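Structure at a glance
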Amino acid sequence: MLVGLMGVGKSTVGRRLANRLRVPFVDADTAIEQAAGMSIPEIFEHYGEPYFRDGERRVIARLVDGRPKVIATGGGAFINDETRALILEQATAIWLNASPEVLAERVKRRDTRPLLRGKDPLKVLRELSAVRNPIYALAPIHVSSKRGPHEATVNAILKAIG
Ligand code: S3P
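Not measured: the values here are computed from a predicted model.

By the alternation rule, side chains of strand β4 (residues 94–97) split into Ile94 and Leu96 and Trp95 and Asn97, which are all buried. Relative to strand β5 (residues 141–144), β4 is paired through four bridges, and the arrangement is parallel. Considered in β5, the bridge of Leu96 is made with Val143.

The structure is reproduced here in structure tokens:
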């Protein structure tokens, strides 16, 4: 289960990691959108963040069914106490990390994230890093996702999980 801030490459790295391991890949954000029948920005807008977090926990609980797979989570999933407890108990959490500067560069390519809308991404990502990194650090495996090809990150994860 890949955890970490938005823009770090959880979905891209997760998809490639799953290919290499020959197991299915699931993007938890996409699964939430399918379950809700609307996009994440729409869920935030119409029902608010607490409702989204509750749906996120339920979807992740359903995804960890004991069958081998790679799951990419949304950046806030591991920050939620209940969702984190579930992940730590039932999956191998891998924290993908990068500096706020690298993340800000990457999120520019997609501007649909409700937490960034209308704000300076670097400022938000610096604040989120300060608050969230100590919590992501509770994951048993830490891998840094630097600038450059995601393949290097995939290799680093494969090495870390043995
Ligand atoms: C969020 C990250 C997003 C998405 C939602 C909230 C967060 O996922 O779940 O916008 O709280 O960090 P990505 O990390 O895939 O962008």
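Okay, back to it.
Moving on, we get to the packing of helix α2 (residues 28–36) against helix α4 (residues 49–63). For the pair α2 and α4, the least separation of the axes is 10 Å and the interaxial angle reads 110°. It follows from the interaxial angle that α2 and α4 lie roughly perpendicular. For the pair α2 and α4, contact is made by Ala28, Ala31, Ile32, Ala35 and Ala36 and by Gly55, Glu56, Val59, Ile60 and Leu63, respectively. Of the residues in the contact of α2 with α4, the class split is eight nonpolar, one polar and one charged.

Turning next to the UniProt feature "binding site: substrate" (unreviewed entry) in the chain. Under the present numbering, the feature "binding site: substrate" (unreviewed entry) in UniProt falls on Asp29, Arg53, Gly75 and Arg132. Position of Asp29 relative to the elements: it lies in helix α2. Residues contacting Asp29, with those up to four places away along its chain left out, are Ile40 and Gly74. Summarising the element assignment, Arg132 is placed in helix α7 (residues 121–136). Non-local contacts of Arg132, meaning those with residues more than four positions away in its chain, are made with Leu5 and Ile79.

With that settled, the discussion passes to the UniProt feature "binding site: Mg(2+)" (unreviewed entry) in the chain. As recorded in UniProt, the sites labelled "binding site: Mg(2+)" (unreviewed entry) are Ser11. Looking at the element boundaries, Ser11 is found in helix α1 (residues 10–21). Contact partners of Ser11, with chain neighbours within four places excluded, come to Asp27 and Ala72.

Here is what the cut-offs are and how they apply
Residues numbered from 1 in each chain as written. Predicted model: local features only at pLDDT ≥ 70, side-chain atom pairs only at ≥ 80, totals over all residues. Buried ≥ 20, exposed ≤ 12 C-beta atoms within 10 Å, placed from the backbone. Helix = DSSP H or I, 4+ residues; strand = E, 2+ residues; numbered from the N terminus. Pairing = 2+ DSSP bridges. Axes fitted to C-alpha atoms, helices over the stretch in contact; angles between N-to-C directions. Parallel < 35°, antiparallel > 145°, perpendicular 65-115°, else oblique. Contact = placed C-beta atoms within 7 Å. Nonpolar A, V, L, I, M, F, W, Y, C, P; charged D, E, K, R; others polar. UniProt positions renumbered as here; feature names shortened; annotations may be inferred.

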